Amino acid sequence: QVQLQESGPGLVKPSQTLSLTCTVSGDSITTSGYYWIWIRQPPGKGLEWMGVIHPGGYTAYSPSLKSRTSISRDTSKNQLALHLSSVTPEDTAVYYCAEGYTNTDEYGCWGQGTQVTVSS
């Protein structure tokens, strides 16, 4: 059974980098058959897919966020990381990490999400 837990600062100042960690338990982030994604939901808006990292380390990003988004991992800690640079108040959202199933291309477990507010 996979569990995911997001963590990081809840308040980030404009122009700074938003950095979040997702701790995964119950499964290895390097195991084939799964991929790991970051999703966010701004207030009053729908879910926005941000990017993915696969067991082999391959990453892909939303075209609208690619220039300032980086997803990485620490395999020794079984953690994912999200870095979003040059943030503005429009980046205020609840940020989620989640697993996906490679074969079916559907989502599995999600983290509870963490609120990040961009404000000076």
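Here the structure is shown first, and the text comes after it.
Taken as a whole, this structure holds three salt bridges when the rule is applied. Residues Glu48 and Arg40 are paired through a salt bridge, measuring 2.7 Å at the closest nitrogen-oxygen approach. Its relative accessible area of 5% is what places Arg40 among the buried residues. One salt bridge in this structure joins Arg68 and Asp91, with 2.7 Å as the shortest N-O distance. Of this pair, Arg68 sits in the loop between β6 (59-61) and β7 (69-74) while Asp91 sits in the loop between β8 (79-84) and β9 (93-101), placing them 23 residues apart in sequence. Overall, the relative accessible area of 1% leaves Asp91 in the buried class. Overlapping salt bridges bring together Arg40, Glu48, Arg68 and Asp91 as one network.

Here the focus is unusual backbone geometry. Non-glycine residue Ser15 carries a positive phi angle of around 80°. With respect to the helices, strands and loops of the structure, Ser15 is situated in the loop between β2 (11-12) and β3 (18-25). Judged by relative accessible area, which is 59%, Ser15 ranks as exposed. The backbone phi angle of Asn78 is positive, close to 55°, even though this residue is not glycine. Following the sequence through the fold, Asn78 ends up in the loop between β7 and β8.

Reading the values: the criteria
- Residues numbered from 1 in each chain as written.
- Predicted model: local features only at pLDDT ≥ 70, side-chain atom pairs only at ≥ 80, totals over all residues.
- Heavy atoms only, no water.
- Salt bridge = Lys/Arg side-chain N within 4 Å of Asp/Glu carboxyl O.
- Buried < 20%, exposed > 50% of the residue type's maximum accessible area, 1.4 Å probe, protein only.
- Helix = DSSP H or I, 4+ residues; strand = E, 2+ residues; numbered from the N terminus.

Functional significance is not addressed by these values, which are geometric in nature.
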